[in-house]
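Below are the chains, spelled out letter by letter.
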Amino acid sequence: MKQTEFLIEPKKDNNLASLSSQERLNLQETMRRTEATEWIRRYRKKLMEEGRGEAQYWWQQTLLDIAKKRGQAAADDLKKRMNEQKDKK
């Protein structure tokens, strides 16, 4: 990009309302994958710090909280995504 090209290029807003439906779907998918990766990291940290039993109990309680706040389908989707990510590594 030339130095002056930004002056004539149409400016695109940086907010969700200006995204196309496909861009929103892509962003949502990325956020869900990132969330699954983050929960895997947290679980592994808990596993190392407190042991398997405590980590499993903590995770069960966390999943129940997610199901209460976002619904059981969201909790199930998160578990599925975490298992997919875990299996890739």
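Quick note: structure is the one above.
Enquirer: Is there a simple way to explain the side chain of Gln-85 in this structure?
Expert: Looking at the secondary structure, you find Gln-85 in helix H4 (residues 72–88). Residue class for Gln-85 comes out buried when judged on its relative accessible area of 14%.

Enquirer: For this particular structure, what's the right way to read helix H3 (residues 52–70)?
Expert: For an α-helix the count is 3.6 residues per turn, leaving residues at separations of three or four pointing the same way. An ideal rise of 1.5 Å per residue puts 27 Å on 19 residues; H3 measures up with 26 Å between its terminal C-alpha atoms. Among the residues of H3, Ala-55, Trp-59, Thr-62, Leu-63, Ile-66 and Ala-67 are the ones counted as buried. On an axial view of H3, the arc spanned by its buried residues comes to 140 degrees, and they lie on one face. On the buried face of H3, the contacting elements are helix H2 (21–50) and H4. Just beyond H3, the residue with positive phi is Gly-71, at close to 100 degrees.

Procedures and definitions
Residues numbered from 1 in each chain as written. Predicted model: local features only at pLDDT ≥ 70, side-chain atom pairs only at ≥ 80, totals over all residues. Heavy atoms only, no water. Helix = DSSP H or I, 4+ residues; strand = E, 2+ residues; numbered from the N terminus. Buried < 20%, exposed > 50% of the residue type's maximum accessible area, 1.4 Å probe, protein only. Expected span 1.5 Å × (residues − 1). Arc of directions from axis to C-beta. Contact = heavy atoms within 4.5 Å.

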